[in-house]
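# Close look at the chain arrangement
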Amino acid sequence: MSRALCLLLDDDVVYALPRDGAASARRLVWRPDAPGPLVEALRAEFGTPSALAVIVGLAFLEIAAPQLPPVPNDVRVRMLQRDSDRYFALREPAAVATDGALAFAMPSAQLTSWIDALAAWSPVRAVVTVAEAAARGGHDGQWAVTAGAGAIGQLTLRDQRVQAARRARGTPVAGERTLTIEQLAGGAWRASAGALDQQLLDAAMRARQQQQRTRRWWQSAALAAAALVLLAWSVDRWRERQLLALQREAATLEQTTAGARAAQERLVRAQGELVAIATADRGTARADTPPAVLARLGALLPRDAFIQRLEWNGTEWRIDGSATDAAALVPLLDADAQFVAVRAAAPSTRYLENGRTRSSFSIVFQTVGAPPVARGGQ
């Protein structure tokens, strides 16, 4: 399909203007009672447009200022269509358009024949009067429009509303502002998205237009939903590709840094070992730790004393053994500042060993915190 097209229908000519404005308006001769040749000429000139906006000139319109109750505009349109012969010089069903102050009408059968012929060629999005197109285009003040051979139309516009419209015999006065299709096309396209009661339609055409709008809405909704699904799928695929790329990069980095990470792990282990060694060294330097206690006992006990059993429950020490003078051991240990609560845990027993007298001992004691002591002597 080619670009959308706006048509201005006058009594014997039709002006056609592509919506994008890339080309100038074309003027084609036609016969209103036989629209078929016009459609073929348009097809040959423009191909098949994506949409049409049709502007009906004053040459075909009846104008009235009906006195109606203050009701919504769509109700006014239905009232004018039902009693069209009371407000317009028509004896047949009419297609009616109004924006409140003025109303425009033309024979429904004639308009239907045009729109049906055009719709068979391209979708018709709007059918508006030249006055409505001018008002929607934002043209305020007094304007002249073509109204057929030997006639001129006068429009008074303000705030995008038609205040007055009349058709009279004559030709445009020099210097008078005349609306062309280039100035009317924008308003016609804006009307295509507006309320249907402001378009020039009869009841059947209005129902078809509403159905087309509903169908286009559902098509747009379906396309939007499909676009969202496609977007979600694309995002999911993108995330998968990104994840795979990151996984490959992570694997590469892991291989590249394997040596460095192994060295780091060895360094951490070595640092831990150094901390443990330093802690152990500090612990052995304290006078109340097991190594220090054993070292102190070795320094205090006489050479003839033998320890056969040693116990420690975390608080209290117990040593069992024998010595030449076991009775002297309790005072000896009690005199040392590192040991407290020194006492005999069991009676001493004397016996001969290789002809020499020895005594057993069983001593219990506790330690207290004390400054580091020198190992190997008193």
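Residues numbered from 1 in each chain as written. Predicted model: local features only at pLDDT ≥ 70, side-chain atom pairs only at ≥ 80, totals over all residues. Heavy atoms only, no water.

### Describing the overall build of the protein chain
The following threshold applies: Here a helix means four or more residues in a row that DSSP labels H or I, a strand means two or more in a row labelled E, and each is numbered from the N terminus. What the globule rule says is 2.2 Å times the number of residues to the power 0.38, and the radius of gyration is computed from C-alpha atoms. Each residue is placed in one exposure class: buried if its accessible area under a 1.4 Å probe, protein chains only, is under 20% of its type's maximum, exposed if it is over 50%, and partly exposed if it falls in between. The contact definition used throughout considers only heavy atoms, calling two residues in contact when any of these lie within 4.5 Å. Methods summary: accessible areas were calculated by the Shrake-Rupley approach with a probe of 1.4 Å, and residue burial reflects only the protein chains presented. When charges are counted, Lys and Arg are positive and Asp and Glu negative, with His and the chain ends excluded. A single reference atom marks each charge: NZ on Lys, CZ on Arg, CG on Asp, CD on Glu.
Across its full length, the protein chain holds 10 helices and 16 strands. Taken against the 2.2 N^0.38 rule, which gives 21 Å for 378 residues, the C-alpha radius of gyration of the protein chain at 56 Å runs more than 25% over that of a compact globule. Taking the principal axes of its C-alpha atoms as reference, the protein chain extends roughly 160 × 50 × 40 Å. Within the protein chain, the fraction of its 378 residues that count as buried is 38%. For the protein chain, restricting intrachain contacts to residue pairs at least 6 apart in sequence, the fraction spanning at least 24 positions comes to 61%. By element, 55% of the accessible surface of the protein chain is carried by carbon and sulfur atoms, the whole surface being about 21,200 Å². Positive and negative side-chain charges of the protein chain, numbering 43 and 37 respectively, have mean locations separated by a distance of 1 Å.

### Some details on the pattern of salt bridges
If charged atoms from side chains of opposite charge come close, those side chains can pair. Our working definition: Any Lys or Arg side-chain nitrogen found within 4 Å of a carboxyl oxygen on Asp or Glu counts as a salt bridge.
Tallied over the entire structure, the rule returns 15 salt bridges. Here Arg 78 makes a salt bridge to Asp 74, at a shortest N to O gap of 3.8 Å. Taken together, the residues span about one helical turn, with Arg 78 and Asp 74 both in helix H2 (residues 73-82) at a distance of four residues. When its relative accessible area of 33% is taken as the criterion, Asp 74 is described as partly exposed. Between Arg 136 and Glu 132 there is a salt bridge; the shortest N-O distance is 3.0 Å. Residue Arg 136 and its partner Glu 132 are both found in helix H5 (residues 130-136); the two are separated by four residues, about one turn of the helix. Each member of the pair, Arg 136 as well as Glu 132, is classed as buried.

### Digging into the pairing of strand E12 (residues 306-312)
Our working rule: Strand pairing is assigned whenever DSSP detects at least two bridges linking the two strands.
Examined bridge by bridge, E12 and strand E13 (residues 316-323) share six bridges and lie antiparallel to one another. Bridge pairing links Ile 307 to Gly 321 in E13. Adjacent in sequence and paired antiparallel, E12 and E13 are bridged by three residues, among which Gly 314 carries a positive phi angle near 95°.

### Some thoughts on helix H1 (residues 36-46)
Given 3.6 residues per helical turn, the α-helix brings residues three or four places apart onto the same face. Going by this rule: The directions from the helix axis to the C-beta atoms form the arc being described.
Every buried residue belonging to H1 is among Leu 38, Val 39, Leu 42 and Phe 46, and all of these are buried. Along H1, the residues classed as buried sweep out an arc of 100° about the axis, all on the same side. Opposite the buried face of H1, by more than 90 degrees, sit the exposed residues Pro 37 and Ala 44. Considering only its buried residues, H1 is in contact with strand E1 (5-9), strand E2 (13-18), strand E3 (26-29) and helix H4 (108-119). Remark: Gly 47 follows H1 within two positions and exhibits a positive phi of approximately 75°.

The analysis is restricted to geometry; functional conclusions fall outside its scope.
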